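Listed below are the residues making up each chain.
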Amino acid sequence: MADNAIKGAKLITSGKWLQFMDTGSWKPFSIYSSKLNGDLLLGMSKCGEVRVTRFDETGRKALQNIDRDFNGEDLFQLPHYLTENFNGDVCVSDYDKNAVIIVDRKGDLRSTYKGHRSYSDFRPYGIFADSDGHILVCDMENDSVHCLDQEGQFLCFVLTPGHGISGPSGLGIDNQSVLYLTQYNTNKVKMYRFNVGS
């Protein structure tokens, strides 16, 4: 759980507070726990600087800062949602940059997805990587869910307005291939059978 007011993150298990992760003067606003090794990824900002930091599973030791590309340019503007693909790539949904940014394990830029050509604008929000390497991202601007391959290339639309969705904001897939979708400003979670190619 990220806690902006106290500039840190609390680690909680079984409803009990375990410890506090101190992020110093960096303000955390997104968090992801790696299924691969237990590392914690935090999206953070400080005085106009933005980065994703990888911490060990205890949250005590920063292992890696991801913030710039090969040319020294900022990778992120607002890494609002994070996930990690099965190959260790970090996938970041950056709402302000209108892009999904994918970096490899070393933190090097692998690809950037700026939306499908059929839309003039792209507003990525929730993001999820499934066990097959597909990257699903909510597009709040176009009321759709895009499916990308592990390289960040568009494969298909999983959901569109024709499926009755509006303002998709968060998603996840369970072990039975059920996609759970939250929508901005609603009190409902919609469920869909997920299968790429269907």
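One numbering rule holds for all chains: residues counted from 1, following each sequence as written. Only residues with pLDDT of at least 70 are given local features in this predicted model, and only at 80 or more are side-chain atom pairs given and counted; all residues enter the totals for whole chains, interfaces and linings. Working from all heavy atoms in the structure, the side-chain values ignore hydrogens and water.

Caption draft 1: Inspection of the sheet that holds strand E7 (residues 62–66) at higher detail. Taken in spatial order, the four strands line up as E4-E5-E6-E7 in an open sheet, and their pairing is antiparallel. Two strands close off the open sheet at either side, each with one partner strand: strand E4 (27–33) and E7. Taking the axes of each pair of neighbouring strands and ignoring which way they run, one obtains an average angle of 25° across the sheet. Looking at chain direction, strand E6 (residues 49–55) and E7 are connected through four bridges and run antiparallel. Each residue of the ladder has a partner; that of Arg54, found in E7, is Gln64. Here the rule is simple: two strands pair whenever DSSP picks up at least two bridges between them. Secondary structure elements follow DSSP: runs of H or I of four or more residues count as helices, runs of E of two or more count as strands, with numbering from the N terminus. Note on geometry: axes are C-alpha line fits, over the in-contact stretch for helices, and angles between N-to-C directions span 0 to 180 degrees.

Caption draft 2: Up close: the environment of Leu36. Examined against the element boundaries, Leu36 turns out to sit in the loop between E4 and strand E5 (40–46). In this structure the C-alpha to C-alpha distance between Leu36 and Glu84, which are 48 residues apart in sequence, comes to 8.5 Å.

Caption draft 3: Spatial organisation of the nonpolar core. Only buried Ala, Val, Leu, Ile, Met, Phe, Trp, Tyr and Cys residues count toward a nonpolar core, and they belong to the same one when joined by side-chain atoms within 4.5 Å. Relative accessibility decides the category of a residue: with a 1.4 Å probe and only protein chains considered, values under 20% of the type maximum give buried, values over 50% give exposed, and everything between is partly exposed. With 16 residues, the main nonpolar core has Leu136, Val145, Val158, Leu159, Leu171, Leu179 and Leu181 as its most contacted residues. Sorting the residues of this core by element identifies strand E12 (124–129), strand E13 (135–139), strand E14 (144–148), strand E15 (154–159), strand E16 (168–173) and strand E17 (178–183) as the ones contributing at least two each. With residues up to four places along the chain from it excluded, the contact list for Leu181 reads Cys138, Val145, Leu159, Ile165, Pro168, Gly170, Leu171, Lys188, Val189, Lys190 and Tyr192. Judged by nonpolar contacts, the second largest core, of 14 residues, contains Tyr32, Val52, Ile66 and Val103. Whether two residues are in contact is decided by their heavy atoms: any pair within 4.5 Å suffices.

Caption draft 4: A look at the sheet that holds E17. Taken together, three strands build an open sheet; the order of strands is E16-E17-E18 and the sheet is antiparallel. With one partner strand each, in any of the chains shown, E16 and strand E18 (189–193) form the two edges of the open sheet. If you compare each strand with its neighbour and ignore which way they point, the axes differ by 25° on average. Two elements, E17 and E18, share five bridges in a ladder whose sense is antiparallel.

Caption draft 5: Representation of the side chain of Thr53 within the structure. One can find Thr53 in strand E6. Since its relative accessible area comes to 1%, Thr53 is described here as buried. Throughout this description, a polar contact denotes any pair of N or O atoms lying within 3.5 Å of each other; where both atoms belong to protein, one of them has to be capable of donating a hydrogen while the other can accept it, and for residues adjacent in sequence the pair is counted only when both atoms sit in side chains. A distance of 3.2 Å separates the side chain of Thr53 from the side chain of Arg51, its partner in a polar contact. For Thr53, the side chain forms a polar contact with the side chain of Asn65, separated by 2.7 Å. Not counting chain neighbours up to four residues away, the residues in contact with Thr53 comprise Leu40, Leu41, Leu42, Met44, Ala62, Gln64 and Asn65.

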